[in-house]
Amino acid sequence: MRIPSLLLGLLKPKSKSNKPEIESYGQKDSGLEVGQIQQIMEWLFASLLNAGYVGRSHLIWDLGN
């Protein structure tokens, strides 16, 4: 994972959205298939909607090493 790009992503201006937004980092290096990633992202988005969360969340994909 590239730490500088992660830090730059965190410094972006905050969104004024009225819906959940998910910023994702390291997907390509996660080792998961596209279908698996999509299922996880859909589950996370649905969970945020169900909880009434509004705003930006960050998902960091890591190999666990």
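For clarity, every value in this text was computed on a predicted model and none was experimentally measured. (Residues numbered from 1 in each chain as written. Predicted model: local features only at pLDDT ≥ 70, side-chain atom pairs only at ≥ 80, totals over all residues. Heavy atoms only, no water.)

Enquirer: Explain the confidence of the model for the protein chain residue by residue, including any values.
Expert: Looking at the protein chain as a whole, its pLDDT mean stands at 81, while 74% of the residues score no less than 70. No element of the protein chain has a lower mean pLDDT than helix α1 (residues 3-10), which averages 64, and none a higher one than helix α2 (residues 34-50), which averages 91. (pLDDT = per-residue confidence, 0-100. Helix = DSSP H or I, 4+ residues; strand = E, 2+ residues; numbered from the N terminus.)

Enquirer: Lay out the pairing of strand β2 (residues 55-60) with the relevant residues and their values.
Expert: Relative to β2, strand β1 (residues 20-25) runs parallel, the two being bridged by six bridges. Bridging across to β2, P20 finds its partner in G55. Viewed along the sheet, the connection from β1 through α2 into β2 turns out left-handed. (Pairing = 2+ DSSP bridges. Right-handed = clockwise from strand over helix to strand, strands pointing away.)

Enquirer: Residue-level account of α2, with values.
Expert: With 17 residues, α2 should cover 24 Å at 1.5 Å per step; its first-to-last C-alpha distance of 24 Å lies within 8% of that length. Buried residues of α2: I37, M41, L44 and L48, and no others. All buried residues of α2 lie within an arc of 65 degrees about the axis, which places them on one face of the element. Projecting away from the buried face of α2 at angles above 90 degrees are the exposed residues Q39, W43 and N50. In this fold, the buried residues of α2 make contact with β1 and β2. Backbone geometry just downstream of α2 places G52 in the positive-phi region, at approximately 80 degrees. (Expected span 1.5 Å × (residues − 1). Buried < 20%, exposed > 50% of the residue type's maximum accessible area, 1.4 Å probe, protein only. Arc of directions from axis to C-beta. Contact = heavy atoms within 4.5 Å.)

Enquirer: Could you give an account of the pattern of salt bridges, with specific residues and numbers?
Expert: Counted under the stated rule, the structure contains two salt bridges. E21 serves as the salt-bridge partner of R56, at 3.5 Å between the closest nitrogen and oxygen. Placement of the pair is R56 in strand β2 and E21 in strand β1, with a sequence separation of 35 residues. Owing to a relative accessible area of 19%, R56 belongs among the buried residues under this scheme. For the salt bridge of R56 with E23, the shortest nitrogen-to-oxygen distance reads 3.6 Å. Pair noted here: R56 is in strand β2 and E23 is in strand β1, with a separation of 33 residues, a long-range link. E23 gets classed as buried once you look at its relative accessible area, which sits at 18%. Salt bridges sharing common partners tie together E21, E23 and R56. (Salt bridge = Lys/Arg side-chain N within 4 Å of Asp/Glu carboxyl O.)

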